[in-house]
Amino acid sequence: MRKPVLALLATLTLTACGTGQPGSPRPNPDQITRVEIDEAGPSNLYILVQNLRPIWLRERGATSFTEETDVVVYLDRTRVGGRESLRSMHSSEVETLQFFNAQRATARFGVGHVNGAILVTTRR
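Residues numbered from 1 in each chain as written. Predicted model: local features only at pLDDT ≥ 70, side-chain atom pairs only at ≥ 80, totals over all residues. Heavy atoms only, no water.

So, about the side chain of Arg 83. With respect to the helices and strands, Arg 83 occurs in the loop between strand 3 (78–81) and strand 4 (94–100). Residues within four places of Arg 83 in sequence aside, it is in contact with Tyr 46, Leu 57, Arg 58, Glu 59, Thr 69, Asp 70, Val 71 and Val 73. (Helix = DSSP H or I, 4+ residues; strand = E, 2+ residues; numbered from the N terminus. Contact = heavy atoms within 4.5 Å.)

We describe a pair of aromatic rings using the distance from one ring centre to the other and the angle between the two ring planes. Throughout the structure, instances matching the rule amount to 3 aromatic pairs. With a centroid separation of 5.6 Å and an interplanar angle of 85°, the aromatic rings of Phe 100 and Phe 109 are classed as edge-to-face. Relative accessible area serves as the criterion here: at 6%, Phe 100 is assigned to the buried category. Taken together, the ring pairs in this structure connect Tyr 74, Phe 100 and Phe 109 into an aromatic cluster. Lying across the ring of Tyr 46, Arg 87 places its NZ or CZ 3.7 Å from the centre. (Phe/Tyr/Trp six-rings, centres within 6.5 Å; stacked < 30°, edge-to-face > 60°. Buried < 20%, exposed > 50% of the residue type's maximum accessible area, 1.4 Å probe, protein only. Lys NZ or Arg CZ within 6 Å of the ring centre and 35° of its normal.)

This paragraph deals with the sheet that holds strand 1 (residues 31–32). With mixed pairing, the 5 strands of this open sheet are ordered in space as 1-4-5-2-3. Each edge of the sheet is formed by a strand with only one pairing partner; in this case those strands are strand 1 and strand 3. As defined by bridge partners, strand 1 adjoins strand 4 across 2 bridges and the pair is classed as antiparallel. Directly across from Gln 31, in strand 4, lies its bridge partner Gln 98. (Pairing = 2+ DSSP bridges.)

Moving on: the pairing of strand 3. Pairing between strand 2 (residues 72–75) and strand 3: 3 bridges, direction antiparallel. Among the inter-strand pairings, Tyr 74 is bridged to a residue of strand 3, identified as Arg 79. As consecutive antiparallel partners, strand 2 and strand 3 are separated by 2 residues, and within that stretch Asp 76 has a phi angle of approximately 50°, a positive value.

Any two side chains of opposite charge can pair if their charged atoms end up close together. Taken as a whole and judged by the stated rule, the model has 7 salt bridges. Residues Asp 30 and Arg 104 are paired through a salt bridge, measuring 3.7 Å at the closest nitrogen-oxygen approach. Here Asp 30 is found in the loop between helix 1 (2–17) and strand 1, whereas its partner Arg 104 is found in helix 4 (residues 102–109), with 74 residues between them in sequence. Exposure remark for Arg 104: the relative accessible area of 35% places this residue in the partly exposed category. Note that Glu 84 is salt-bridged to Arg 87, the shortest N-O span being 2.6 Å. (Salt bridge = Lys/Arg side-chain N within 4 Å of Asp/Glu carboxyl O.)

Here we come to the nonpolar core. Of all hydrophobic cores here, the largest spans 17 residues; its most connected members are Leu 45, Leu 86, Leu 97, Ile 118 and Val 120. Counting only elements with at least two residues in this core, the list comes to helix 3 (45–52), strand 4 and strand 5 (117–122). Non-local contacts of Leu 86, meaning those with residues more than four positions away in its chain, are made with Asn 44, Leu 45, Tyr 46, Val 49, Leu 57, Val 73, Ile 118 and Val 120. Counting residues in each nonpolar core, the second largest holds 6 residues, with Val 72, Ala 105, Ala 117 and Leu 119 among its members. (Core = buried A, V, L, I, M, F, W, Y, C linked by side-chain atoms within 4.5 Å.)

This part is about helix 4. The backbone nitrogen of Gln 103 lies 3.2 Å from a side-chain oxygen of the residue at the head of helix 4, namely Asn 101. At the exit of helix 4 stands Gly 110, carrying a positive phi of roughly 105°. (Polar contact = N/O pair within 3.5 Å; in protein donor to acceptor, adjacent residues only side chain to side chain.)

Structure representation (structure tokens):
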């Protein structure tokens, strides 16, 4: 009786640990790499993010009436605006996109990031 139960537990554990496809790592939910950009095909960055990491673009409620409710976008560490600024950037010029939640964005870029930040790093 004990061996069938152990075999069942082993099978369930292995099944739960599987990623779907052998050898293909899960993408980082906070980063879009050049490989993912190439696989997605050419587009503006807004469409790219909308297709690959739509949660980055989700508007979260502000904590007061004076705070922005938009994610802040940086292009090579220069603040360029909100999510709409991604529409004017083309994926062919980008190496990576990195999302920072509000806490990490504030630590990296300073105050004013209640909805986080997206750092766009261009190809060099």
